[in-house]
2 protein chains.
Amino acid sequence: MAADEFEYISWLRARTPAHPRVLVGPGDDCAVLAPGTRPQLVTTDMLMDGVDFVLADAGPRRAGWKAMAVNLSDIAAMAGVPVAAVVAVALPAGERRLAEELYAGLRAAADAFAVPVVGGDTNAWAGPLVVSVTLLGEATDRGPVTRAGARPGDWVFVTGPCGGSLLGRHLAVAPRVREALALHAAADLHAMIDVSDGLAADLGHILAESRCGAVLSAAAVPVHPDAVARGRETGKSPLDHALGDGEDFELVFTVSPADGERLLREQPVPGLALTKIGECVDQGLWIEDAGTRRPLAPAGWAHEV
Amino acid sequence: MAADEFEYISWLRARTPAHPRVLVGPGDDCAVLAPGTRPQLVTTDMLMDGVDFVLADAGPRRAGWKAMAVNLSDIAAMAGVPVAAVVAVALPAGERRLAEELYAGLRAAADAFAVPVVGGDTNAWAGPLVVSVTLLGEATDRGPVTRAGARPGDWVFVTGPCGGSLLGRHLAVAPRVREALALHAAADLHAMIDVSDGLAADLGHILAESRCGAVLSAAAVPVHPDAVARGRETGKSPLDHALGDGEDFELVFTVSPADGERLLREQPVPGLALTKIGECVDQGLWIEDAGTRRPLAPAGWAHEV
């Protein structure tokens, strides 16, 4: 971990709260964590100026928030508990203020989930801002929820409305970490994913790993007001935006019909409107609209012949 | 973990060897590892085209090797055992062959230390290549060796000759993972670091964390032939190159005089020439040449007044 220009090790040290598992924090060759007792989760996401955010518009603080939050969302997607983060950045040379603001955004998202930033690598260059976060977590006693456990007959749920995130929500990511833990405690989650690529595409990832299909109900998909606004700009339907836009960072999951009925009846997570959007079938990914079923690209998993 | 353009999850899956601790590998929201029993190590390093390598000269395979190897070197610096890696990359758009070669280099370095690549994030953009590796490891039963344990009277060692790495060795990084473990088993290592910033600067990091100083012997510092070659190009002395260049990825460590004498006598690591280059003192960083002692920048730690 070498640092150029903006030496933020002392900055990190002063701002990283004590954490019982952190034995050695920022400033050595590696961070050292006390061993955990549960399966460990590891995820990494790299964000680039001009691709994942436009720095001139978003500002470094929101870029930092997003970089940490999308990783938290990956931990949420497995119903895990985030434990510690490391951050590697390539900073535009000479932009110390940018570095501080970026770090403040990273720190704010980490603080919201009591995650210490235990190390990093700070570099300067002539290129655009790049920030790469790796987040460590651990599973609960119920184990991690993978993408691979959906089965025909399962009900498919989403934790909130989708579409139009480009209007601002794609920066103000609210990772569903606590919600995922509450859901995992309340029901036997067969498979789960967070909506980053798009509701249909991410459900497609579940179907591919689980080797089954699904039928969605067009009328049931919760459409965000931003999807309606985006539709007025693009001419596409709000439903298309809800299914295709991505970066909503809601959770899509499947459960047995019995658990599904109970979740709908009890709505066990305060403030979270759980919506049943479809059911798993043998193969393909379909959408039903006014009694008509049509394939929804991407097609999901098809049995090999 | 979203992937653009070059979808390398299936590539990763086909090429990641089975590992007893990997419960879920590439292709889910997080990788899942079985919990370990020893303290965990975490390190991250980001490399950028034009800063850490010149892609047009080095080629993507050597860039990949370096990106993995510098992280392995950080695990070595704490005498740890590498366990698993995740890789995030920003690829120049449309360069699928580059991506495959880069990954082959990453994989080759990881394979050399039986490290599975358990996840990643592959992105494409209009900018230069950026590759960020996070490596997880674990300490041995003797615990991790930090930078903070050096004390006045300690002997200072280096594991090999330094200087002139820019002539090629800065790409062909040979991380001292096995050597560090052998040293850790053979002696009570008080403090250790790998030479990335430069022999003097990295020893300075040990001194700062340990709150002591050191005196080096100019005649004892092992000078690499590349340092002599570089000196002919730059006009600087080979010793200056050995002390200042960095990216040698040798280990600098301190031990008690009794352990130091034994290490010199027994040379317990086959193929590794351990060299005593100095001794720790109360404060400052000095070099002695033909009986004259002068301060060596960076000055190392000085007692605050």
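These figures come from a predicted structure and were not determined experimentally.

Counting its secondary structure elements, chain A contains eight helices and 13 strands. The C-alpha atoms of chain A give 20 Å as radius of gyration, which agrees with the globular expectation for 305 residues (19 Å, within 12%). Projecting the C-alpha coordinates of chain A onto the three principal axes gives extents of approximately 60 × 50 × 40 Å. Sorting the 305 residues of chain A into buried and exposed places 57% on the buried side. Relative to all contacts within chain A whose residues are 6 or more apart in sequence, the contacts with residues 24 or more apart total 83%.

Right, let's talk about the relation of the copies chain A and chain B for a bit. Each copy superposes on the other: chain A lies on chain B with an RMSD of 0.0 Å after a rotation of 180 degrees and an axial shift of 0.0 Å. Considering both components of the superposition, the chain copies are consistent with a two-fold axis. A symmetric contact is evident, with 100% of the interface residues of chain A recurring at the interface of chain B.

With that settled, consider helix H5 (residues 199-210) of chain A. All names here are of chain A. With 12 residues, H5 extends 16 Å between its outermost C-alpha atoms, agreeing within 8% with the 16 Å of an ideal straight helix rising 1.5 Å per residue. In terms of burial, H5 is largely enclosed, as 10 of its 12 residues are buried. Every buried residue belonging to H5 is among Leu199, Ala200, Ala201, Asp202, Leu203, Gly204, His205, Ile206, Leu207 and Ser210, and all of these are buried. Of the surrounding secondary structure, the elements contacted by the buried residues of H5 are strand S7 (155-158), strand S8 (191-194), strand S9 (213-217), helix H7 (238-244), strand S10 (251-255) and strand S12 (285-289). Arg211, located one to two residues past H5, shows a positive phi value of around 55 degrees.

Our focus in this paragraph is the pairing of strand S10 (residues 251-255) of chain B. Residues and elements named next belong to chain B. Along S10, five of the five residues are buried, which leaves the element largely enclosed by surrounding structure. The alternating pattern of S10 places Leu251, Phe253 and Val255 and Val252 and Thr254 on opposite faces, both of which are buried. Pairing between strand S7 (residues 155-158) and S10: four bridges, direction antiparallel. Counted as the bridge partner of Trp155 is Val255 from S10. Alignment of strand S8 (residues 191-194) against S10, held across four bridges, turns out to be antiparallel. From the neighbouring strand, Met192 faces S10, where its bridge partner is Phe253.

This part covers the interface of chain A and chain B. Each partner contributes to the interface: chain A provides 55 residues, whereas chain B provides 55 residues. Put simply, the parts of the chain that give the side of chain A that touches chain B at least two residues each are strand S1 (22-24), strand S2 (31-33), strand S3 (40-48), helix H2 (55-77), strand S4 (80-92), strand S5 (117-125), strand S6 (130-139) and S8 of chain A. Among the elements that make up the side of chain A that touches chain B, the one with the highest residue count is S3 of chain A (eight residues). Of the residues contributing to the side of chain A that touches chain B, the split by class is 30 nonpolar, 16 polar and nine charged. As paired elements, S2 of chain A and strand S3 (residues 40-48) of chain B share three bridges and run antiparallel to each other. From the neighbouring strand, Leu33 of chain A faces S3 of chain B, where its bridge partner is Gln40 of chain B.

Turning to the nonpolar core, a few remarks are in order. In terms of nonpolar packing, the biggest core is built from 198 residues, with Ala85 and Val252 of chain A together with Val252 of chain B touching the most fellow members. In contact with Val252 of chain A, other than residues within four places in its own chain, are Val156, Val158, Met192, Ile193, Val195, Leu199, Asp202, Leu203 and Ile206 of chain A.

Here we come to the sheet that holds strand S11 (residues 275-281) of chain A. Residue and element names in this part refer to chain A. Spatially, S8-S10-S7-S11-S9-S12-S13 is the arrangement adopted by the seven strands of the open sheet, whose pairing is mixed. Each edge of the open sheet is held by one strand with a lone partner, namely S8 and strand S13 (292-295). Pairwise comparison of adjacent strand axes, ignoring direction, gives a mean angle of 25 degrees for this sheet. Docked against the sheet, H2 engages S8 and S10, running at close to 170 degrees with respect to S8.

Residue and element names in this part refer to chain B. Phi at Glu247 is positive, roughly 55 degrees, even though this residue is not glycine. For Glu247, a count of 22 C-beta atoms within 10 Å corresponds to the buried category. The phi dihedral of Phe249 is positive, around 60 degrees, even though this residue is not glycine. Mapped onto the fold, Phe249 is located in the loop between helix H7 (238-244) and S10.

A separate point is the pairing of S9 of chain A. Residues and elements named next belong to chain A. Note: S9 against S11, four bridges, orientation antiparallel. Its bridge partner being in S11, Val215 is matched across the sheet by Glu279. As paired strands, S9 and S12 are joined by four bridges and run parallel to one another. Within S12, the residue paired with Ser217 across the bridge is Glu288.

So, on to the environment of Ala139 of chain A. With respect to the helices and strands, Ala139 of chain A occurs in strand S6. Distance in space between the C-alpha atoms of Ala139 of chain A and Leu41 of chain A is 6.9 Å, their sequence separation being 98 residues. Leaving out residues up to four positions away in the same chain, Ala139 of chain A has contacts with Arg38, Pro39, Leu41, Gly80 and Pro144 of chain A together with Val32 of chain B.

The subject of this paragraph is the domain arrangement of chain A. Residue and element names in this part refer to chain A. The domain architecture assigned to chain A consists of domain 1 (9-139) and domain 2 (155-295). Here the C-alpha centroids of domain 1 and domain 2 sit 27 Å apart. The interface is formed by 15 residues belonging to domain 1 together with 14 residues belonging to domain 2. In terms of residue count, the dominant contributor to the side of domain 1 that touches domain 2 is H2 (11 residues). Of the residues contributing to the side of domain 1 that touches domain 2, the split by class is 11 nonpolar, one polar and three charged.

So, on to the packing of H2 of chain A against helix H3 (residues 96-111) of chain A. All names here are of chain A. The contact between H2 and H3 brings their axes to 7 Å, and the two run at 35 degrees. Between H2 and H3 the crossing geometry is right-handed. Residues Gly59, Pro60, Arg61, Arg62, Ala63, Gly64, Trp65, Ala67, Met68, Ala69 and Leu72 of H2 form the contact with H3, whose participating residues are Leu98, Glu101, Leu102, Tyr103, Ala104, Gly105, Leu106, Ala108, Ala109 and Ala110. For the contact of H2 with H3, a count of residues per class yields 15 nonpolar, three polar and three charged.

Below, the discussion takes up the sheet that holds strand S9 (residues 213-217) of chain B. Residues and elements named next belong to chain B. Read across the sheet, seven strands follow the order S8-S10-S7-S11-S9-S12-S13 without closing on themselves; strand pairing throughout is mixed. Taken across any chain shown, the strands that pair with only one partner, and hence form the sheet edges, are S8 and strand S13 (292-295). When strand polarity is set aside, the average angle formed by the axes of neighbouring strands in this sheet is 25 degrees. Packed onto the sheet, helix H8 (residues 257-266) meets S7, S10 and strand S11 (275-281) and runs at close to 35 degrees relative to S7.

What counts and how
- Residues numbered from 1 in each chain as written.
- Chains lettered and ligands numbered in written order.
- Predicted model: local features only at pLDDT ≥ 70, side-chain atom pairs only at ≥ 80, totals over all residues.
- Helix = DSSP H or I, 4+ residues; strand = E, 2+ residues; numbered from the N terminus.
- Rg over C-alpha atoms; globule rule 2.2 N^0.38 Å.
- Buried ≥ 20, exposed ≤ 12 C-beta atoms within 10 Å, placed from the backbone.
- Contact = placed C-beta atoms within 7 Å.
- Least-squares fit on C-alpha atoms with pLDDT ≥ 70 in both.
- Expected span 1.5 Å × (residues − 1).
- Pairing = 2+ DSSP bridges.
- Nonpolar A, V, L, I, M, F, W, Y, C, P; charged D, E, K, R; others polar.
- Core = buried A, V, L, I, M, F, W, Y, C linked by C-beta atoms within 7 Å.
- Axes fitted to C-alpha atoms, helices over the stretch in contact; angles between N-to-C directions.
- Domains from an automatic or database assignment.
- Left-handed = near helix turned anticlockwise from the far one by under 90°.

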